[in-house]
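Structure assessment
In case you want the letters, here they are:
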Amino acid sequence: MAPAQGGDAAAATTAAATTGGGGAAAPAPAGGLPPPAAATTAADGASSSPTFDLGGGEVLPVPADVAPLFRPLTLGPFRLSNRIVYAPLTRMRAQGFVPQPIMATYYGQRAVPGTLFISEATNISEEALGYMNSPGVFTREQTEAWRPVVAAVRGRGAVFFCQLWHCGRASHSDLQPGGAAPISSSTRRITSPEYTVFTQNGAQPYPSPRAATREDIARIVQQYAAAAKAAVHDAGFDGVEIHGANGYLIDQFIKDSINDRTDEYGGSIENRCRFCLEVVAAVAAAVGPERVGLRLSPFTSFLDAHDSTPYATHTYLLEKLNGLGLAYIHMVEPRIMGPLEVESHPESLAPFRRVYKGVFIAAGGFKADSGARALAQGEADLVAYGRWYLANPDLHRRFLTHAPLNKYHRDTFYSSGPEGYIDYPTLAQQREREAIAA
């Protein structure tokens, strides 16, 4: 089974983020949102329609129906020109934990000035690995290999966060140092038959993990902090997102279908959230809270990760996070069940949106109309796009021009080559092909 990856409104007129050294979006002025760009003036003196700068001097009008997606936002020290987020998407194009040059092409194809990008899930240690060909950020070779990838995004004026990942029990001894059992909050293993782990020996059932000791927990917390420093200070990312969702290690502590501990890291909601909060505190201390986001999935049951009280559990967690000054919280819509999407779901992120006082990102199956509507109705501050952004490197342009979207191809999501990775056409490429064919 492949991995699941996945402020206030200002005037609709926007400007692309200005760029400072290294191409990163420049810090916004203190005191709130960046000012909207001045509207151009028509010959009769009336203001024109709002516009959006795609970069390279290309400016397009912003239709009213998608205008909420193209309003600016201050995100910690960063000035975003729009509310579209590139969601973290595992694509498995690394080799031996090391990012490859093709990844710079992929991310660079999709980068738009003033847009927040979140990298694919990135291992914080050798022990964190659960998927072959996923990148790491814990050695010098890895951080050096990330630098041209980061430069491809930041050089286009986008803001780039690295998602920090530990798979926990969603691994196998074939993938672990010394053939050890993977680590988790408990010894409960993933038992649903639809889930298998792929190793160099083929598809395998998930094994029983070992329960982390207090010493293990302290060590892993410091590994998160070290990985954050490496991502920001060595690889050049603007910030980091802690992956606390989708049944991976942090989620394995949060959710009571997995965590059966009887010590200070298990039992009560407060105890089950302790590991997550310790990781957040350590990472925030390492790189600054304004450069730290956290992804959570209260309702997702991917990899047998269920919680009997998702509202109570995650409300407590968000209340504790409120005072930390994080860049954002990123939550997965209940209609997303691992890699699948359901038509409707009785649960909602609305209670969490009301509890959390900072920037709130919603992810899960959005298109242009639904994303704009969620923003207009105050359901989120930013909307993350995954599969549709994957398949449409010029997603902003397509939203602005109401162009049809390329269909995505699941069978190439996790393959090893360029197919389904850097070969999705832009509108311009499609029209050129059509002209040649005619």
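Residues numbered from 1 in each chain as written. Predicted model: local features only at pLDDT ≥ 70, side-chain atom pairs only at ≥ 80, totals over all residues. Heavy atoms only, no water.

As annotated in an unreviewed UniProt entry, the protein is NADH:flavin oxidoreductase/NADH oxidase N-terminal domain-containing protein from Edaphochlamys debaryana. The annotation that UniProt attaches to the protein under Sequence similarities (unreviewed entry) is "Belongs to the NADH:flavin oxidoreductase/NADH oxidase family." (UniProt positions renumbered as here; feature names shortened; annotations may be inferred.)

What follows covers the overall build of the protein. Across its full length, the protein holds 12 helices and 18 strands. The buried share among the 438 residues of the protein stands at 59%. Accessible surface computed for the protein: about 16,200 Å², of which carbon and sulfur atoms make up 52%. (Helix = DSSP H or I, 4+ residues; strand = E, 2+ residues; numbered from the N terminus. Buried < 20%, exposed > 50% of the residue type's maximum accessible area, 1.4 Å probe, protein only. Areas by Shrake-Rupley, 256 points an atom, 1.4 Å probe, with all protein chains shown as cover.)

This model, assessed by the stated rule, comprises 14 salt bridges. Here Glu144 makes a salt bridge to Arg140, at a shortest N to O gap of 4.0 Å. With a gap of 4 residues between them, Glu144 and Arg140 both fall in helix H2 (residues 140-154), about one helical turn apart. A salt bridge links Asp216 to Arg219; the nearest nitrogen and oxygen atoms lie 2.9 Å apart. Of the two residues, Asp216 and Arg219 both sit in helix H3 (residues 214-235), 3 residues apart, roughly one turn of that helix. (Salt bridge = Lys/Arg side-chain N within 4 Å of Asp/Glu carboxyl O.)

This part is about the sheet that holds strand S13 (residues 292-296). One closed barrel holds the 8 strands; their spatial order is S5-S6-S7-S12-S13-S14-S17-S18, and the pairing between them is parallel. Going from strand to strand, the sheet's axes swing by 25° on average, the running direction of each strand aside. Both strand S6 (residues 116-123) and strand S7 (residues 159-165) contribute to a ladder of 6 bridges, which runs parallel. Looking at the pairing, Ile118 lines up with Phe161 of S7. Strand contacts of helix H7 (residues 310-321): S13 and strand S14 (328-332), with the helix running at about 175° to S13, the strand carrying the most contacts. (Pairing = 2+ DSSP bridges. Axes fitted to C-alpha atoms, helices over the stretch in contact; angles between N-to-C directions. Contact = heavy atoms within 4.5 Å.)

On to the packing of helix H1 (residues 101-110) against H2. The interhelical angle for the contact between H1 and H2, taken along N-to-C directions, is 15°, at an axis separation of 8 Å. With respect to their mutual orientation, H1 and H2 come out roughly parallel. Between H1 and H2 lies a crossing of right-handed hand. Taking contact as the criterion, the partners of Met103, Ala104, Tyr107 and Gly108 in H1 are, on H2, Trp146, Pro148, Val149, Ala152 and Val153. (Parallel < 35°, antiparallel > 145°, perpendicular 65-115°, else oblique. Left-handed = near helix turned anticlockwise from the far one by under 90°.)

Another point: the side chain of Arg91. With respect to the secondary-structure elements, Arg91 resides in the loop between strand S5 (84-86) and H1. Buried charged residue Arg91 carries no salt bridge. Nearest counter-charge: Glu120, at 7.5 Å. A distance of 2.7 Å separates the side chain of Arg91 from the backbone oxygen of Gly420, its partner in a polar contact. Setting aside chain neighbours within four positions, we find Arg91 in contact with Tyr106, Glu120, Leu390, Thr412, Phe413, Tyr414, Ser415, Gly420 and Tyr421. (Lys, Arg positive; Asp, Glu negative; His and termini not counted. Polar contact = N/O pair within 3.5 Å; in protein donor to acceptor, adjacent residues only side chain to side chain.)

Nonpolar side chains in soluble globular proteins tend to end up buried together. Core analysis: the largest hydrophobic core is formed by 97 residues, its most contacted members being Tyr224, Val240, Phe275 and Leu321. Per element, the largest residue contribution to this core is 11 residues, and it comes from H3. Filtering out sequence-adjacent residues up to four positions away, Leu321 remains in contact with Leu277, Val280, Leu294, Leu326, Ile329 and Tyr356. Formed by 17 residues, the second largest nonpolar core is a distinct cluster that contains Val85, Leu116, Val359 and Ala363. (Core = buried A, V, L, I, M, F, W, Y, C linked by side-chain atoms within 4.5 Å.)

Moving on: the packing of aromatic side chains. The full count for this structure, using the stated rule, is 28 aromatic pairs. On the basis of an interplanar angle of 45° and a centroid distance of 6.0 Å, the ring pair of Phe299 and Phe352 is categorised as tilted. Taken together, the positions of Phe299 in the loop between S13 and H7 and Phe352 in helix H8 (residues 350-355) put the pair 53 residues apart, joining distant regions of the chain. Each member of the pair Phe299 and Phe352 is classed as buried. Relative to Tyr414, the ring of Phe413 lies with its centre 6.0 Å away and its plane at 85°, an arrangement referred to as edge-to-face. (Phe/Tyr/Trp six-rings, centres within 6.5 Å; stacked < 30°, edge-to-face > 60°.)

Our next topic: the environment of Ala111. In this fold, Ala111 is placed in the loop between H1 and S6. In this structure the C-alpha to C-alpha distance between Ala111 and Leu54, which are 57 residues apart in sequence, comes to 9.5 Å.

On to the packing of helix H6 (residues 274-287) against H7. Where H6 meets H7, the closest approach of the two axes is 11 Å, and the angle between their N-to-C directions is 25°. Classed by the angle they form, the pair H6 and H7 counts as roughly parallel. In this structure, H6 crosses over H7, and the sense of that crossing is right-handed. Note on element contacts: H7 touches H6 through Leu317, Lys320 and Leu321, opposite Cys276, Leu277 and Val280. Taken together, the residues of the contact of H6 with H7 sort by class into 5 nonpolar, no polar and 1 charged. (Nonpolar A, V, L, I, M, F, W, Y, C, P; charged D, E, K, R; others polar.)

Here the focus is the pairing of S7. Most of S7 is tucked away, with 7 of its 7 residues classed as buried. The parallel pair S6 and S7, bridged by H2, forms a crossover whose chirality is right-handed. Sheet topology places S7 next to strand S12 (residues 239-243); 4 bridges connect them, and they run parallel. When the sheet's bridge partners are listed, Phe161 is paired in S12 with Gly239. (Right-handed = clockwise from strand over helix to strand, strands pointing away.)

With that settled, consider the environment of Val383. Its location among the elements puts Val383 in strand S18 (residues 382-385). Residues Val383 and Ala87, 296 residues apart in the sequence, show an inter-C-alpha distance of 8.8 Å. In this structure Val383 touches Arg83, Ile84, Val85, Ala362, Phe366, Gly371 and Leu375, once residues within four positions along its chain are discounted.

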